[in-house]
Amino acid sequence: MSEVIRDYNEFARWLSARGLKSLFVVCGNSFAGIAPGRFLDCLAAVGFRITYFRDFTPNPDHSSVVKGIEAFRESGADTIVGAGGGSAMDVAKAIKLEGELKVPFAAIPTTAGTGSEATRFAVIYDNGTKTSLTSDSMLPDVVLIDPS
């Protein structure tokens, strides 16, 4: 079961307690428009390096996952964060699974209803065909729920 955290300072403490320093944040426009100020201010203040990956669309294609795996490896990040709605979460999960990444996975949902932050499932399209992925490795280690 994922640990649930309710604010960015607590999230920073969770990361620091595990020796994590570099985040690869898979996010959509909802996150880019809402949270980066608080997210960046809080985490940058304690020395975290943040790399954003936004190269995907709603109903993301497998090619986005491949780009994300390459970008993650280039970033040198030690944590993957899915931040936003269902597409961002699914891309983050698929990057972790298909890249065989043995790093913590954090979820920061910005929409109500998809529930992606609480499941071991992801949906990715491969040449227009909907593909469902399932793995316990896609369950988040921590979920940040910020109702504001």
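Everything discussed here concerns the structure shown above.
Predicted model only: the values in this text are computed from it and were never measured.

Engineer: Give a description of the environment of Pro109 that names residues and reports values.
Structural biologist: With respect to the helices and strands, the residue Pro109 is situated in strand E5 (residues 105-109). Pro109 gets classed as buried once you look at its relative accessible area, which sits at 15%. Placed 26 residues apart in sequence, Pro109 and Ala83 show a C-alpha to C-alpha distance of 5.7 Å. Each residue touching Pro109, except ones within four places of it in the same chain, is listed here: Gly84, Met89, Glu117, Val143, Leu144 and Ile145.

Engineer: I'd like a rundown of unusual backbone geometry, residues and numbers included.
Structural biologist: Of note in the backbone geometry, Asn59 takes a positive phi value of approximately 55 degrees without being a glycine. Within the secondary structure, Asn59 is located in the loop between strand E3 (49-53) and helix H4 (62-75). Residue class for Asn59 comes out exposed when judged on its relative accessible area of 52%.

Engineer: Outline the sheet that holds strand E8 (residues 142-144), supporting the account with residue identities and numerical values.
Structural biologist: A sheet is described by the order of its strands in space; here 6 strands give the open sequence E1-E8-E5-E4-E2-E3, paired in parallel fashion. Of all the strands in the sheet, the pair left with one neighbour each is strand E1 (3-5) and E3. On average, each strand axis in the sheet is tilted by 25 degrees relative to the strand beside it, whichever way the strands run. The pairing of strand E2 (residues 22-27) with E3 spans 5 bridges and is parallel. Bridge assignment links Phe24 to a residue of E3, and that residue is Thr51. With respect to the sheet, H4 is in contact with E2, E3 and strand E4 (79-84), its orientation differing from that of E3 by roughly 165 degrees.

What counts and what doesn't
- Residues numbered from 1 in each chain as written.
- Predicted model: local features only at pLDDT ≥ 70, side-chain atom pairs only at ≥ 80, totals over all residues.
- Heavy atoms only, no water.
- Helix = DSSP H or I, 4+ residues; strand = E, 2+ residues; numbered from the N terminus.
- Buried < 20%, exposed > 50% of the residue type's maximum accessible area, 1.4 Å probe, protein only.
- Contact = heavy atoms within 4.5 Å.
- Pairing = 2+ DSSP bridges.
- Axes fitted to C-alpha atoms, helices over the stretch in contact; angles between N-to-C directions.

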